[in-house]
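Descriptive structure summary
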Amino acid sequence: RSVSAGSEVSQESLLLHGPFARKPKRIRTAFSPSQLLRLERAFEKNHYVVGAERKQLASSLSLSETQVP
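As a starting point, this report considers the structure included with it. (Residues numbered from 1 in each chain as written. Predicted model: local features only at pLDDT ≥ 70, side-chain atom pairs only at ≥ 80, totals over all residues. Heavy atoms only, no water.)

Turning our attention to the overall build of the protein. Helix and strand counts for the protein stand at three helices and zero strands. Mapped from its N terminus to its C terminus, the protein presents α and β elements in the order α-α-α. Put simply, the protein has 69 residues, and 16% of those count as buried. When the accessible surface of the protein is totalled, it reaches about 6,400 Å², and 57% of it is carbon and sulfur. (Helix = DSSP H or I, 4+ residues; strand = E, 2+ residues; numbered from the N terminus. Buried < 20%, exposed > 50% of the residue type's maximum accessible area, 1.4 Å probe, protein only. Areas by Shrake-Rupley, 256 points an atom, 1.4 Å probe, with all protein chains shown as cover.)

Attention now goes to the environment of Lys55. Within the element layout of this structure, Lys55 appears in helix H3 (residues 51-60). Considering only alpha carbons, one finds Lys55 and Val68, 13 residues apart in sequence, at a separation of 8.7 Å.

A word on the nonpolar core. As a rule of thumb, nonpolar side chains are buried together in soluble globular proteins. Counting eight residues, the largest nonpolar core is built from Leu39, Ala42, Val49, Leu57, Ala58, Leu61, Leu63 and Val68. Mapped onto this core, the elements with two or more residues apiece are helix H2 (33-45) and H3. Every residue in contact with Val49, bar those within four places of it in the chain, is listed here: Ala42, Arg54 and Leu57. (Core = buried A, V, L, I, M, F, W, Y, C linked by side-chain atoms within 4.5 Å. Contact = heavy atoms within 4.5 Å.)

Unusually for a residue other than glycine, Ser62 sits at a positive phi of about 60°. Looking at where Ser62 falls in the secondary structure, it is placed in the segment after H3.

With that settled, consider H2. Look at H2: 19 Å from first C-alpha to last across 13 residues, which is about the 18 Å you get at 1.5 Å a residue. Those residues of H2 that fall on the buried side of the exposure criterion are Gln35, Leu39 and Ala42. Projected down its long axis, H2 shows its buried positions confined to an angular sector of 60°, all on one face. Exposed residues pointing more than 90 degrees away from the buried face of H2 are listed as Pro33, Ser34 and Glu44. Residues of H2 that are buried make contact with H3. (Expected span 1.5 Å × (residues − 1). Arc of directions from axis to C-beta.)

Limitation: the analysis is restricted to geometry and does not speak to function.
What follows is the structure in structure tokens.
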């Protein structure tokens with residue numbers, strides 16, 4: 001069974017833009033040793049850093065809130 005070029009393009013388009021299209025990968029943050037130490041200490045105190053604590057920790061480490069795990 002042969003597949004026409006038009007079908008291949010529509011299949012590819014569906015994979016890239018369809019309902020099951022993958023989101024682009026987020027760039028992984030490379031933490032400095034001092035940032036890692038601070039993040040590990042915060043994690044030991046509380047496994048879920050949220051709210052004002054997360055905002056303050058991110059600010060003190062020169063990171064965005066989304067970079068604070």
